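# Structure at a glance
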Amino acid sequence: MTSYDAVISGAGPAGCSAALFLARKGYKVLLLEKERFPRDKVCGDGITALSTALLEEMGVMEVIRQRVGQLTVFKGVTLYSPTAAVVHGKFSQAGCPESAAYVIPRRILDDCLASTVKPHSSITFFENTTVNDLITEGGRASGVSTSKGEYFGRVVLAADGFYSPIASRLNLKNNLKTHQGFAIRAYFSQVEGLSDSIELHYDKSMLPGYGWIFPEGNGRANIGVGVITRFKDQRGLKRLFQRFVSGSTPASEKLKRAVMEPGTLRAWPLPMGSRPGQRGRGNVLLTGDAGSFVDPLTGEGIYYALKSGQLAAEAAARALDAADEARAIVWYEKFWRKEFRFHDFTVGYALQALLNNEYILESLMQFAARKQTRADLLADVIGHNRKKIELFKMLLPFF
């Protein structure tokens, strides 16, 4: 029987991040993925500057550039208010290769992540292997049971998404509608008027959610709609999407001649980071969507997946070094709460309620449109370059 220091379920951004950072510390890692790469992953495809910095540190951006070639740097965000007022915000760090924003399809991003991890001598990587359950002995996890047998490790990391069987086994799956979102997206070709700015459309029918247009080059774009189920029922999501792309919206003007690529319209849940409670138990740690690491304000999850994987690796390494694997969760809770809890998740959750008010949102965006520094602040908060709490400085005049 082969045993590993760490067994990781899921080889997306969170799982690959955790695997690589643990392997770099000399630990023996088993990484399990239920599909075979390359495979699609439903997502908005936006890569923030913080995500890019982590991907650079992991060596993934080098692989992406080798495959894709020159990447388009996105320099800001164009926001449309409920009355179609337009705010052009610029990212403060745009243009710096180490901290630039991009739009990269997840089929490419995840395949490049896997390609970076696979050659590492300390990582064993099995694809087409579905993790079904935890194996427990004496009150602690000793490994996982899969479609191809049982595998054992001193710590177990779940990076297997919203429907994680490991999170469900621990009764830590996010089933709270007040801390969830839902999104739907499709790829379109022949989209007109695309630029080096991503677009967010705050139509009043979606608040505090939004519609988006993320250009991917050559007239192709990832186009979608996201809602927060605390305020909107996801059952109306497809109808909102159809209105966004073909109704009387600013977005529909750019899509008059566009063609939706067959088979690309797909929806997915967004487990928000505002969910209360721990992200694991004992020597089992939940990362990425499995641990509800999604921005409550924007629905962005790639950065939180990458970073939670890194933090889980650090927590697991400390527990392994001390030969006290059950304390992995103690370290992990300390790390992720310090990194995310207040500035990202608590403040983001509070802002949801404010931006659900059409008057407040419209006033905020009209206020931002009148001064470039205010518009840039909005862009930087969306792009994770500045803390969300700074938005309250702009909101104060409306109370």
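Since the model is a prediction, treat every value here as computed from it, not as a measurement.

What follows covers the pairing of strand S10 (residues 149-158). Counting buried positions along S10 yields 7 of 10 residues, so the element is predominantly enclosed. In the sheet, strand S1 (residues 3-9) pairs with S10 via 6 bridges, with the strands oriented parallel. By the bridge assignment for S10, Ile-8 is matched with Leu-157. Bridge count for strand S9 (residues 140-146) against S10 is 4 bridges, and the pairing is antiparallel. Paired with Thr-146 across the strands is Gly-149, a residue of S10. Once S9 ends, the chain turns through 2 residues before running back antiparallel as S10.

Once that is clear, we can look at unusual backbone geometry. A cis amide bond links Phe-37 to the next residue, Pro-38, at an omega of 0 degrees. Of note, Pro-38 is situated in the loop between strand S2 (29-32) and strand S3 (46-47). Note the cis peptide between Leu-207 and Pro-208, where omega equals 0 degrees. With respect to the element layout, Pro-208 can be found in the loop between strand S12 (197-201) and strand S13 (210-217). Positive phi, close to 60 degrees, is recorded for Gln-190, a residue that is not glycine. Examined against the element boundaries, Gln-190 turns out to sit in the loop between strand S11 (180-189) and S12. Backbone geometry places Ala-323, a non-glycine residue, at a positive phi of 55 degrees. If you trace the backbone, Ala-323 turns up in the loop between helix H8 (302-321) and helix H9 (328-355). The class of Ala-323 is exposed, set by a relative accessible area of 58%.

Here the focus is the packing of aromatic side chains. Applying the stated criterion across every chain yields a total of 19 aromatic pairs. Here the aromatic rings of Phe-162 and Tyr-163 are separated by 4.8 Å at their centres, their planes lie at 90 degrees, and the arrangement is edge-to-face. For Tyr-163, a relative accessible area of 58% gives the class exposed. Three or more aromatic residues link up through ring pairs in this structure, and these residues are Phe-293, Tyr-303, Tyr-304, Tyr-332, Trp-336, Phe-340 and Phe-345. Seen from the ring of Phe-21, Arg-24 lies directly overhead, with NZ or CZ sitting 5.9 Å from the centre.

A word on the pairing of strand S5 (residues 86-90). In S5, alternate side chains face the same way, and those of Val-87 and Gly-89 are buried while those of Val-86, His-88 and Lys-90 on the opposite face are not. When strand S4 (residues 76-80) meets S5, the two strands line up antiparallel, connected through 5 bridges. If you follow Leu-79 over to S5, its bridge partner there is Val-87. In this antiparallel pair of consecutive strands, S4 and S5, the connection spans 5 residues, and Ala-84 shows a positive phi of 75 degrees.

The element helix H11 (residues 372-382) is extensively covered by neighbouring structure, given that 8 of its 11 residues are classed as buried. Where H11 is concerned, the buried positions are Ala-375, Asp-376, Leu-377, Leu-378, Ala-379, Asp-380, Val-381 and Ile-382. Contacts from the buried residues of H11 go to S4, S5, S12, helix H10 (358-369) and helix H12 (391-395). Looking one or two residues past H11, His-384 carries a phi angle of roughly 65 degrees, positive in sign.

In this structure, Ser-81 sits in the loop between S4 and S5. For Ser-81, a relative accessible area of 4% puts it in the buried group. Not counting residues within four places of it along the chain, the set of residues in contact with Ser-81 comprises Tyr-202, Glu-362 and Met-365.

The rules we used
Residues numbered from 1 in each chain as written. Predicted model: local features only at pLDDT ≥ 70, side-chain atom pairs only at ≥ 80, totals over all residues. Heavy atoms only, no water. Buried < 20%, exposed > 50% of the residue type's maximum accessible area, 1.4 Å probe, protein only. Helix = DSSP H or I, 4+ residues; strand = E, 2+ residues; numbered from the N terminus. Pairing = 2+ DSSP bridges. Phe/Tyr/Trp six-rings, centres within 6.5 Å; stacked < 30°, edge-to-face > 60°. Lys NZ or Arg CZ within 6 Å of the ring centre and 35° of its normal. Contact = heavy atoms within 4.5 Å.

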